[in-house]
Amino acid sequence: TLASASSSSDSDTGGASPPPRKKHRASAAEGAGDSSMQANGAGQGQESPELSCLNSAQNGESSSAGGTHSNGLLSSTDNGNSVGTSNGASAGPGSGTSAASTASGSEVGSLKKKKRLSQAEEDVIRLIGQHLHGLGLNQTVDLLMQESGCRLEHSSATKFRNHVMEGEWDKVGLGLPWLHNSMHFDRQGIGDLPGDLLSRMKFLLLQQKYLEYLEDGKVLEALQVLRGELTPLKYNTDRIHVLSGYLMCSHAEDLKAKAEWEGKGTASRCRLLDKLQTYLPPSVMLPPRRLQTLLRQAVELQRDRCLYHNTKLDSSLDSVSLLLDHVCSRKQFPCYTQQILTEHCNEVWFCKFSNDGTKLATGSKDTTVIIWQVDPESHQLKLLRTLEGHAYGVSYLAWSPDDTYLIACGPDDCSELWLWNVQTGELRTKMSQSHEDSLTSVAWNPDGKRFVTGGQRGQFYQCDLDGNLLDSWEGVRVQCLWCLGDGRAVLASDTHQRIRGYNFEDLTDRNIVQEDHPIMSFTVSKNGRLALLNVATQGVHLWDLQDRVLVRKYQGVTQGFYTIHSCFGGHNEDFIASGSEDHKVYIWHRRGELPIAELTGHTRTVNCVSWNPAIPGLMASASDDGTVRVWGPAPFLDSQEAEALNENCSNMDS
């Protein structure tokens, strides 16, 4: 329409361009001719696999004398004035011609005002189109692509997708050569060779074809695919051997179970397409659900950057609002004193939640261990039972992996340890190898049948639940112990300001961490990768045990030569908490050196902090003031109480 209107206007009015007029009309005719050829599909064989917005000619629009932009918008050589009119007046006979000429000029002028789309804008349009297509709004997608001049994906990719979803495997094979050329164009010099990628794609397609034949009971056809198509690929021969074994399946359900396959239909073919799309460049076929993936990544990034985020990450976008940035209030964080436990009558040296988070054990200088029950609803703690008879006091506690047993150790001059059955309150074992021993630390083997113990006088033992000595390591002055998840290696900090790994099976040891000052205590993350050290006069240090490097030094805490126990905590162990000699509890985000919260309330040194492993918003601290404080989120407060809370929980963004 535009081409004919422009030509009519040009011939009737004499054109807006300067002489020679004949040359101008010839140029316009050539442009129209080229446009009609493109609109009729000519030259498709020369089409580049690189996808972007289409030329307007590909949408059925013809170009003007000035040519077209790559996004299909008309270009101009007349400073933005529409071609085909002369100051709005007609130069030829008839008012109808003048009206057509004016209409043509206004339409061309409006098109010229369209902004050429950038690559980012084209990508956004394609992402929106893919998402709308997934919602079934296909007419909306067609209108969006038509108006923007973009294309969701290459027509050959669309055919390829449809053939896969319909199970038309022979037609799928015909489309692979074009996809191979597209991969070569986009991935040249990046990673795998295109031929290898093509083999992977063929293998996945033929595997689906083979399995569907087997499900339909077409054993001969399946055998032909296996011998005549899969085997000649010479790709993943181990998998081909596995596939050949499926020929012996007696029925379809047996095949699905052994192959761990959903069966013939939409589900398995969609999964196949998702795998195939990982080998295709996005210019040819967008990765599946790309917009949802980007939005999910944005939400996760905001959560990761949130200093106080302490809840389980929900991968579904339905649980969040995309209209607001994610932010957590510090009032949702465990920096409010929820409960003060005063049953101990002397300094409380240690506290530790059970592995399932249902109980808290506290050890004191008053010779007792108290077991507290955690209410699953209110998160209030109540006294469950008291374990007595630890003459030297209790300075360290360790829960067995299944929380059935609890081992209690004393201070430096204590040569005994107690192994209690928590469920019955009975003492199972009271172990002492020698009155000259000092058993001040203990760690459970992951199997729950053995434990290691030691002290600063050079004892380092491995024992069973009855206290029988299984192995020993002479001359190691142990300060703190930890058993790694493999069940073989034991980490021990010693008086040489280091942490070494000891293997009781082959009696080998190696240095892992070396500090410049005494290591008073340490703990290890659940995955065994990170170690948290309380270092005398230095504070809290984070080490990477695998790379054997110091990751971070946390600031603020006062650490002298008292034994203070810090901990990992919160959801995904994103936080670190430690007591301090300045009577405070400090909390850091694992990635930041400055504390995000300083908790006040204790009146003497805070010896130990334990974070509940099952309830991320619950934490306990033990102090020389004889109390155990239980910390949780702030309740619903009025404005005055909220101000008081803010004073007690001073926060600093790192």
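Here is what the cut-offs are and how they apply
Residues numbered from 1 in each chain as written. Predicted model: local features only at pLDDT ≥ 70, side-chain atom pairs only at ≥ 80, totals over all residues. Heavy atoms only, no water. Helix = DSSP H or I, 4+ residues; strand = E, 2+ residues; numbered from the N terminus. Buried < 20%, exposed > 50% of the residue type's maximum accessible area, 1.4 Å probe, protein only. Salt bridge = Lys/Arg side-chain N within 4 Å of Asp/Glu carboxyl O. Axes fitted to C-alpha atoms, helices over the stretch in contact; angles between N-to-C directions. Parallel < 35°, antiparallel > 145°, perpendicular 65-115°, else oblique. Contact = heavy atoms within 4.5 Å. Nonpolar A, V, L, I, M, F, W, Y, C, P; charged D, E, K, R; others polar. Disulfide = S-S within 2.5 Å. Pairing = 2+ DSSP bridges. UniProt positions renumbered as here; feature names shortened; annotations may be inferred. 1 Å grid on protein atoms, 1.4 Å probe; cavity = no way out; pocket = protein on both sides within 12 Å on 5 of 7 lines; lining within 4 Å. Points joined across faces, edges and corners; volume = space filled by probe spheres on them. Lys, Arg positive; Asp, Glu negative; His and termini not counted. Arc of directions from axis to C-beta.

J.: Whenever I open this one, the overall build of the protein chain confuses me. Can you help?
T.: Looking only at helices and strands, the protein chain has 14 helices and 29 strands in total. A total of 654 residues make up the protein chain; the buried ones form 46% of that total.

J.: Looking at this model, I keep getting lost on the pattern of salt bridges. Mind explaining?
T.: According to the stated counting rule, one finds 18 salt bridges in the structure shown. With a closest N to O distance of 3.7 Å, Asp-254 and Lys-258 form a salt bridge. A residue pair is termed a helical-turn pair when its members lie 3 or 4 positions apart in one helix, as Asp-254 and Lys-258 do in helix α11 (residues 252-259) at 4 residues. Residue class for Asp-254 comes out buried when judged on its relative accessible area of 17%. Classification of Lys-258 by relative accessible area gives partly exposed; the value is 48%.

J.: For this particular structure, what's the right way to read the packing of helix α4 (residues 119-134) against helix α13 (residues 290-305)?
T.: The description of two helices packed together rests on the angle between their axes and the distance between the axes. Two elements in contact, α4 and α13, have axes separated by 8 Å at closest approach and are oriented at 110°. By the criterion of interaxial angle, the relationship of α4 to α13 is roughly perpendicular. Seen from α4, the contacting residues are Leu-127, Gln-130 and His-131; seen from α13, they are Arg-290, Leu-291, Gln-292 and Leu-294. Residue classes in the contact of α4 with α13 are distributed as 3 nonpolar, 3 polar and 1 charged.

J.: For this particular structure, what's the right way to read the state of the cysteines?
T.: Disulfides are covalent bonds that connect the sulfur atoms of two cysteines. Across all of its chains, the model carries 0 disulfides by this definition. Unpaired in terms of disulfides, Cys-567 finds its nearest cysteine sulfur in Cys-608, a separation of 7.4 Å. On the basis of relative accessible area, Cys-567 is assigned to the buried category, the value being 7%.

J.: Teacher, can you tell me more about the pairing of strand β6 (residues 396-399) here?
T.: Within a regular strand, the side chains alternate between the two sheet faces. Burial of the side chains of β6 extends over both faces: Tyr-396 and Ala-398 are buried on one face and Leu-397 and Trp-399 on the other. Strand direction decides the pairing type here: β6 and strand β7 (residues 405-409), joined by 4 bridges, are antiparallel. Looking at β7, one finds that Trp-399 is bridged to Leu-406.

J.: Sorry, what's going on with the UniProt feature "repeat: WD" (unreviewed entry) in the protein chain here?
T.: Mapped onto the present numbering, the UniProt feature "repeat: WD" (unreviewed entry) falls on residues 341-375, 387-418 and 599-631. Secondary structure content for residues 341-375 is 0% helix and 54% strand, and the end C-alpha separation is 15 Å. Along residues 387-418 one finds 0% helix and 38% strand; the C-alpha atoms at either end are 10 Å apart.

J.: What am I meant to see in the environment of Glu-505 here?
T.: As for its placement among the helices and strands, Glu-505 is situated in the loop between β16 (498-503) and β17 (508-514). Of the residues examined, Glu-505 reaches a relative accessible area of 61% and is grouped as exposed. Considering only alpha carbons, one finds Glu-505 and Ala-489, 16 residues apart in sequence, at a separation of 8.8 Å.

J.: Any chance you could explain the sheet that holds strand β19 (residues 530-535) here in plain terms?
T.: Paired through their backbone hydrogen bonds, the strands of a sheet run either parallel or antiparallel. Across the sheet, 4 strands lie side by side as β18-β19-β20-β21; this open sheet has antiparallel pairing. Because the sheet does not close on itself, it has two edges, and the strands there are β18 (519-524) and β21 (549-554). Here the average twist between neighbouring strands, direction ignored, is 25°.

J.: Please clarify how the layout of surface pockets should be interpreted in this entry.
T.: Rolled over the atoms, a probe as big as a water molecule pinpoints where empty space is left. The computed volume of the largest pocket comes to approximately 1200 Å³. Contributing to the lining of the largest pocket are 48 residues, with Lys-352, Asn-355, Trp-482, Thr-523 and Val-524 lying nearest its centre. Elements supplying a minimum of two residues to the lining of the largest pocket: β2 (348-353), β6, β10 (441-444), β14 (478-483), β18, β19, β22 (567-569) and β26 (606-611). Split by residue class, the lining of the largest pocket holds 26 nonpolar, 18 polar and 4 charged.

J.: In this structure, what is going on with the side chain of Lys-359? I would like to understand it.
T.: Positionally, Lys-359 belongs in strand β3 (residues 359-364). Buried charge Lys-359 goes without a salt bridge, the closest partner of opposite sign being Asp-356 at 5.2 Å. When neighbours within four sequence positions are excluded, Lys-359 is seen to be in contact with Lys-352, Phe-353, Ser-354, Ile-371, Trp-372, Gln-373, Val-374, Leu-384, Trp-399 and Val-422.

J.: Help me out: how do you make sense of the sheet that holds strand β11 (residues 450-454) in this one?
T.: On the basis of which strands lie adjacent, the open sheet formed by 4 strands has the order β10-β11-β12-β13 and antiparallel pairing. For this open sheet the edge positions go to β10 and β13 (469-472), each flanked by a neighbour on one side alone. Neighbour to neighbour, the strand axes of the sheet diverge by 25° on average, direction disregarded. Looking at chain direction, β11 and strand β12 (residues 460-464) are connected through 5 bridges and run antiparallel. Among the inter-strand pairings, Phe-451 is bridged to a residue of β12, identified as Cys-463.

J.: I keep staring at helix α5 (residues 138-148) and nothing clicks. Help me out?
T.: Residues three or four positions apart in an α-helix share a direction because the helix packs 3.6 residues into each turn. Along α5, the residues that are buried comprise Val-141, Met-145 and Ser-148. Buried positions in α5, seen along its axis, are confined to an arc of 80° and lie on one side of it. Pointing more than 90 degrees away from the buried face of α5 are the exposed residues Gln-139, Asp-142, Leu-143, Gln-146 and Glu-147. In this structure, the buried residues of α5 make contact with α4. Gly-149 lies just past α5 and shows a positive phi near 80°.

J.: How should the pairing of strand β15 (residues 489-494) be read in this particular structure?
T.: With 6 of its 6 residues buried, β15 lies for the most part within the structure. With burial as the criterion, each face of β15 is covered, one bearing Ala-489, Leu-491 and Ser-493 and the other bearing Val-490, Ala-492 and Asp-494. In terms of strand pairing, β14 meets β15 through 5 bridges, oriented antiparallel. When the bridges of β15 are listed, Leu-481 appears paired with Ala-492. The antiparallel hairpin formed by β14 and β15 contains 5 residues in its connecting segment, where Gly-487 sits at a positive phi of about 80°. Bridge count between β15 and β16: 5 bridges; the pairing is antiparallel. Paired with Val-490 across the bridge in β16 is Tyr-502. Between β15 and β16, which follow one another and run antiparallel, lie 3 residues, and Gln-497 among them has a positive phi close to 60°.

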